[in-house]
Amino acid sequence: MREFVEACRASDLAAIRAALAAEVIAVCDGRGVVHGAGPVSGLVAELLCGQPGTSLTVESVNGSDGLALWRAGQALVVVAVDVAAARITALWIVLSPAKLRGWRRG
């Protein structure tokens, strides 16, 4: 997970892809399901990388390690992560502002 977060912070698409299982899925509200390391790494890059004025942190999401992308104290994206055999097998991505209202930093 740590390597994945650092890869996202560095916008390192090759390292993001390397952290993903070949058959990874991403389930994203409003966008449906994305299958495979290539397409999922592209989605991750679009949502979590290179966004001005944001910070990416590791957070507890549904009782496990996950990610949150923040701007001005408000979560823009929250991601629950499933891992097996040291690779990310699933990403559960929430983008809906209504669903993220409770995710604030003081």
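Whatever comes next refers back to the structure up there.
Please read these numbers as outputs of a predicted model, since none were measured by experiment.

Criteria and cut-off values
Residues numbered from 1 in each chain as written. Predicted model: local features only at pLDDT ≥ 70, side-chain atom pairs only at ≥ 80, totals over all residues. Heavy atoms only, no water. Helix = DSSP H or I, 4+ residues; strand = E, 2+ residues; numbered from the N terminus. Rg over C-alpha atoms; globule rule 2.2 N^0.38 Å. Buried < 20%, exposed > 50% of the residue type's maximum accessible area, 1.4 Å probe, protein only. Contact = heavy atoms within 4.5 Å. Phe/Tyr/Trp six-rings, centres within 6.5 Å; stacked < 30°, edge-to-face > 60°. Core = buried A, V, L, I, M, F, W, Y, C linked by side-chain atoms within 4.5 Å. Pairing = 2+ DSSP bridges.

Colleague: I'd love a proper account of the overall build of the chain, names of residues and values included.
Modeller: Counting secondary structure elements, the chain contains four helices and six strands. Secondary structure elements in the chain, listed N-terminal to C-terminal, are α-α-β-β-α-β-β-β-β-α. Taking 2.2 N^0.38 as the reference for a compact globule, 106 residues should give roughly 13 Å; the C-alpha atoms of the chain span a radius of gyration of 13 Å, in line with that estimate. On the principal axes, the C-alpha backbone points of the chain span a range of 35 × 25 × 25 Å. Across the 106 residues of the chain, 41% fall into the buried class. Intrachain contacts of the chain at a sequence separation of at least 6 include 43% that bridge at least 24 residues.

Colleague: Tell me about the packing of aromatic side chains, and name the residues and values.
Modeller: Counted according to the given criterion, the structure contains one aromatic pair. Ring centres of Trp70 and Trp103 lie 6.3 Å apart, and the angle between their planes is 50°; on these two criteria the pair is classed as tilted. Pair noted here: Trp70 is in strand E4 (residues 64–71) and Trp103 is in the segment after helix H4 (97–100), with a separation of 33 residues, a long-range link.

Colleague: Describe the nonpolar core, and please don't skip the residues or the numbers.
Modeller: By size, the foremost hydrophobic cluster in this structure holds 27 residues, and its most contacted members are Phe4, Leu48, Leu91 and Ile93. For this core, the secondary-structure elements that each account for two or more residues are helix H1 (2–9), strand E1 (20–28), helix H3 (37–48), E4, strand E5 (74–84) and strand E6 (87–94). Other than its neighbours up to four places away in sequence, Ile93 contacts Ala26, Val27, Cys28, Asp29, Leu43, Leu47, Val77, Val78 and Val79. Listed in part, the seven residues of the second largest apolar core include Ala68, Trp70, Val78 and Ala80.

Colleague: Lay out the pairing of strand E3 (residues 55–61) in plain terms, naming residues and giving numbers.
Modeller: Two elements, E3 and E4, share seven bridges in a ladder whose sense is antiparallel. Counted as the bridge partner of Val61 is Ser64 from E4. Hairpin geometry of E3 and E4 is characterised by an intervening segment of two residues between the two adjacent antiparallel strands and by a positive phi of about 55° at Asn62.

Colleague: Which residues make up unusual backbone geometry, and what values go with them?
Modeller: The backbone of Ser11 shows a phi angle near 55°, a positive value even though the residue is not glycine. One can find Ser11 in the loop between H1 and helix H2 (13–18). One non-glycine residue with positive phi stands out, namely Asn62, at about 55°. Here Asn62 lies in the loop between E3 and E4.

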